[in-house]
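# Remarks on the overall topology
As a plain string of letters, each chain reads:
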Amino acid sequence: MSVLGYIEDVYAEICRRNPTESEFHQAVAEVLHSLAPALHAHPEYLESRIIERLCEPERQIVFRIPWVDDHGDVRVNRGFRVEFSSALGPYKGGLRFHPSVNLGIVKFLGFEQIFKNALTGMAIGGGKGGADFDPKGRSDGEVMRFCQSFMTELHRHLGERTDVPAGDIGVGSREIGFLFGQYKRITNRFEAGVLTGKPVAWGGSHVRTEATGYGAVYFAQEMLATRGKTLDGRRAVVSGSGNVAVYAIEKVQALGGSVVACSDSSGYVVDENGIDLDLLKEVKEIRRARLSAYVEARPTARFSDRGTVFDVPCDVALPCATQNELGEQDAVALVKNGVLAVAEGANMPCTPEAVGIFREADVLFGPGKAANAGGVATSALEMRQNASRDQWTFAETEDRLATVMRQIHAQSRAAAETYGGAPDDYVLGANITGFLRVAEAMTAHGIV
Ligand code: NDP
Ligand code: 2IT
């Protein structure tokens, strides 16, 4: 059978065995459709069924999370941890707390994480977890009790050499603190390396908070440089206003660009004077308010809930909110307005149709696996500091992050060319580079 026929058969079987998991199907399709040239070069991977093994998580944990709200009412949520691949190191990947979380979403995120983590060149496997808990409007006490209940079940599956979660949507340093406290209490161990994204004061790494957003901007900068361009003086649009978005905005501004719009799930803000980052941080991080509160404090800006943030003309677009937030219509609008580069700060924010439109229009496109890998790469640096009971300076850590992002960019381009694509086919290059690293380790470990 031809390699393409084999890939189609494997994909059909994955859809059949995992019905209703549309985001997982989408993530698998994107990777598998890049792999034909790598499988031609390594026919032995067909026989050892590397693809089928990679698409089946090593372990999936689904559990009950009972907790008591501030009114004394009992609540029940569902928790997940999908331990996808330990070929390159302990399972590594974030936890997402959002009402939309289900097994299919956790599997898509965990699957992406395998290849992203491999791309960083660090010794980390792939996993992801979370719960269908909605932190919006919950008091600190409710969030603490929820996190404690979540960890009371999950702790038995974790360990600094086994499985190391971090944050994702709805999980920031507050939640990591509560989760760590419960893990420490249950195990009676200060095992710093069991979670990453810890505050710097008790085992965290400098730059981890900023890393995903900074890294995505470094990646955009590298892509632009291949066409003799820089971020200086460019207009950028960022979706989201959470952890990734805020630090993407900060880095674009530091490099001389102007971010004129950002969003949350209620709408978007356009500020032609450039987003005021201190105000944005105060609204989103301290007050945990809706984005419309930004406009109340800054009358020159406007808030809209019509269309999307990608309708705002820009040179560079950084989708940093959630999966499938940037569709065909958005891509058409961006191209019409002359966008030069799109780098995915979020996981799978662009639909396949949108990615096709960027490719056709020769827009530089950095897929999340490559462009947002700075977050998990810095988590791996945090694990390294924890293992050696050391703490590096901000400058040293940022330097390492920048180096990792440059390497990911260069290696993705090189692999794309080696395997018959254009050098700026970063989707092809990132997927093949990540896949080959994992496949080599899996082959060495035998059929396990
Ligand atoms: P946060 O929770 O800090 O922020 C999420 C932002 O996205 C908020 O502005 C939120 O708006 C918006 N958002 C979330 N869900 C939706 C939705 N369904 N529709 C519209 N807007 C939505 O999360 P992060 O910044 O950490 O994560 C953002 C993305 O980056 C995710 O895709 C995540 O997987 C990815 N990522 C995160 C990394 C990290 O280190 N944190 C690393 C690599 C990738 P609202 O407040 O209104 O809900
Ligand atoms: O999607 C991601 O890479 C993350 N949410 C960060 C994972 C991590 O372990 O730092």
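Residues numbered from 1 in each chain as written. Chains lettered and ligands numbered in written order. Predicted model: local features only at pLDDT ≥ 70, side-chain atom pairs only at ≥ 80, totals over all residues. Heavy atoms only, no water.

## Here's the deal with the site of ligand 1
Lining the immediate surroundings of ligand 1 are 26 residues, of which Lys136, Asp168, Thr212, Ser265 and Arg290 lie closest. Within the contact set of ligand 1, an oxygen atom lies 2.9 Å away from a side-chain nitrogen or oxygen of Arg208. Ala321 places a main-chain nitrogen or oxygen 3.3 Å from an oxygen atom of ligand 1. When the free accessible area of ligand 1 is taken as 890 Å², the share hidden by the protein chains comes to 83%. Where the shell around ligand 1 is concerned, the elements lending two or more residues are helix 9 (208–225), helix 10 (243–254) and strand 7 (258–264). Tallied by class, residues from the shell around ligand 1 come to five nonpolar, 13 polar and eight charged. (Near = heavy atom within 4 Å. Polar contact = N/O pair within 3.5 Å; in protein donor to acceptor, adjacent residues only side chain to side chain. Areas by Shrake-Rupley, 256 points an atom, 1.4 Å probe, with all protein chains shown as cover. Helix = DSSP H or I, 4+ residues; strand = E, 2+ residues; numbered from the N terminus. Nonpolar A, V, L, I, M, F, W, Y, C, P; charged D, E, K, R; others polar.)

## Some remarks on the packing of aromatic side chains
The full count for this structure, using the stated rule, is 18 aromatic pairs. When the centroid spacing of 6.1 Å and the interplanar angle of 85° are considered together, the rings of Trp67 and Phe146 count as edge-to-face. Taken together, the positions of Trp67 in strand 1 (residues 59–68) and Phe146 in helix 7 (residues 140–154) put the pair 79 residues apart, joining distant regions of the chain. The pair Trp67 / Phe146 is uniform in exposure class, with both members buried. Residues Phe133 and Phe146 carry aromatic rings whose centres are separated by 3.9 Å and whose planes lie at 5° to one another, so their mutual orientation is stacked. Here the residue Phe133 occupies a position in the loop between strand 4 (126–131) and helix 7, and Phe146 occupies one in helix 7, the gap between them amounting to 13 residues. An identical accessibility class is assigned to Phe133 and Phe146; each is buried. Cluster of aromatic residues (ring-pair linked, three or more members): Phe63, Trp67, Phe97, Phe133, Phe146 and Phe150. Stacked on the ring of Tyr214, the Lys or Arg Lys251 has its end atom at 4.3 Å from the ring centre. The ring of Trp392 carries Arg400 above its face, with NZ or CZ at 3.8 Å from the centroid. (Phe/Tyr/Trp six-rings, centres within 6.5 Å; stacked < 30°, edge-to-face > 60°. Buried < 20%, exposed > 50% of the residue type's maximum accessible area, 1.4 Å probe, protein only. Lys NZ or Arg CZ within 6 Å of the ring centre and 35° of its normal.)

## Digging into the sheet that holds strand 10 (residues 316–319)
The seven strands lie next to each other as 9-8-7-6-10-11-12, forming an open sheet whose pairing is mixed. Looking at which strands have only one partner, the edges of the open sheet turn out to be strand 9 (302–304) and strand 12 (364–366). The average undirected angle you get between the axes of adjacent strands in this sheet is 15°. Where strand 10 and strand 11 (residues 341–343) come together, two bridges link them in parallel fashion. Counted as the bridge partner of Val316 is Ala341 from strand 11. Against the sheet, helix 9 touches strand 10, strand 11 and strand 12, its axis set at about 150° to strand 11. (Pairing = 2+ DSSP bridges. Axes fitted to C-alpha atoms, helices over the stretch in contact; angles between N-to-C directions. Contact = heavy atoms within 4.5 Å.)

## Thoughts on the site of ligand 2
Taken together, 14 residues sit near ligand 2, with Lys92, Gln113, Lys116, Lys128 and Ser379 positioned nearest. Contacts to ligand 2 include Lys92, whose side-chain N or O atom sits 2.6 Å from an oxygen atom. Residue Gln113 places a side-chain N or O atom 2.9 Å away from an oxygen atom belonging to ligand 2. If ligand 2 stood free it would expose 300 Å²; the protein chains cover 94% of that surface.

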